[in-house]
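In case you want the letters, here they are:
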Amino acid sequence: MTKPKTLIVTIAGMIGEQDLSPLREKSDVDYCELTSITESDLAKKCAGYNYLMLNMDAVPKTKDSSVKLSETFYADPSVRALKTIAIDMTGMDYFSPKAAAAAGVMLQNIPHYSSQSVAETILSEILLHSRQRHAAYVDLLKGGKAQARKGINLANRTAGIVGYGSIGSTVAGILKGIGMNVIVWNRSPKVGVKCVSLTELFQQSDVICVTLKTVNDGVDSNKGLIGADLLKLCRNAIIVNLA
């Protein structure tokens, strides 16, 4: 029986041979490390392959700064043998799901990819701004002395989490661990956490963390979810948006 063919496109240092060995037992694997590749060149590179494993760091951003595989990619004759594209991300809106479905290509994401890393990055941003350390760094970069600025303690303050998925719930656990009170907005109700409206969250929170996945189209679209009407409700909140 002929093995399927898998193409892996990634930047250097992401995958080791020990990771590839189990896959090689099931598939013929071509491993390709690139600093970048255009959408059209990626499509041509897929000719004859059944599966594509893609690290999106290798795909250049478009003019509007978004990383995306467009309808043009799926329309290219070179991708007709593709059955599946596996991507090292959680949100799939970047990969034109409707166009992929029309072309018969299944999209596979990693639901919990980097949840802990992103959550800890959010914590570092909160601590940086709550202690005004970013401003002190700017002082030094400008050749002056770091000026003393008043910071705030986070314990007993309120943190609002917008989007209570894998990342949002991880952030909530970390912030509870340092003594913050956590409230949440989520599209669907969640148990074990205090859920409020977006209006209440922006009114009550000292720290606001946006941890939504990006959905541009369809009934679940969240484009424009947070705008001036909500931001003007803030009471000098620290807002961290790593959505």
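Cut-offs applied
- Residues numbered from 1 in each chain as written.
- Predicted model: local features only at pLDDT ≥ 70, side-chain atom pairs only at ≥ 80, totals over all residues.
- Heavy atoms only, no water.
- Helix = DSSP H or I, 4+ residues; strand = E, 2+ residues; numbered from the N terminus.
- Buried < 20%, exposed > 50% of the residue type's maximum accessible area, 1.4 Å probe, protein only.
- Contact = heavy atoms within 4.5 Å.
- Phe/Tyr/Trp six-rings, centres within 6.5 Å; stacked < 30°, edge-to-face > 60°.
- Lys NZ or Arg CZ within 6 Å of the ring centre and 35° of its normal.
- Salt bridge = Lys/Arg side-chain N within 4 Å of Asp/Glu carboxyl O.

Caption draft 1: Spotlight on the overall build of the chain. For the chain, the count of helices and strands is nine helices and 10 strands. Overall, the chain is about 65 × 45 × 35 Å in size when its C-alpha atoms are taken along their principal axes. In the chain, which comprises 243 residues, the proportion classed as buried is 38%. Restricting to contacts in the chain with at least 6 residues of sequence separation, those with at least 24 account for 58%.

Caption draft 2: How the structure looks around the packing of aromatic side chains. Within the structure shown, the criterion is met by one aromatic pair. Ring centres 5.2 Å apart and planes at 90° place the aromatic pair Phe73 and Tyr74 in the edge-to-face group. Residues Phe73 and Tyr74 agree in their burial class; the two are buried. Between Lys5 and the ring centre of Tyr49, over which it is positioned, the NZ or CZ distance is 4.8 Å.

Caption draft 3: Spotlight on the pattern of salt bridges. Applying the stated criterion across every chain yields a total of five salt bridges. Across the pair Lys44 and Asp76 runs a salt bridge whose closest N-O atoms are separated by 4.0 Å. Note that Lys44 is positioned in helix 2 (residues 39-45) and Asp76 in the loop between helix 3 (71-75) and strand 4 (84-87), a separation of 32 residues in sequence. Under the relative-accessibility criterion, Asp76 is labelled buried at 15%. Asp139 is paired through a salt bridge with Arg149; the nearest N and O atoms lie 2.7 Å apart. Of this pair, Asp139 sits in helix 6 (residues 133-141) while Arg149 sits in the loop between helix 6 and strand 6 (158-162); the two residues are 10 residues apart in sequence, bridging distant segments of the chain. Overall, Arg149 belongs to the partly exposed group, its relative accessible area being 36%.

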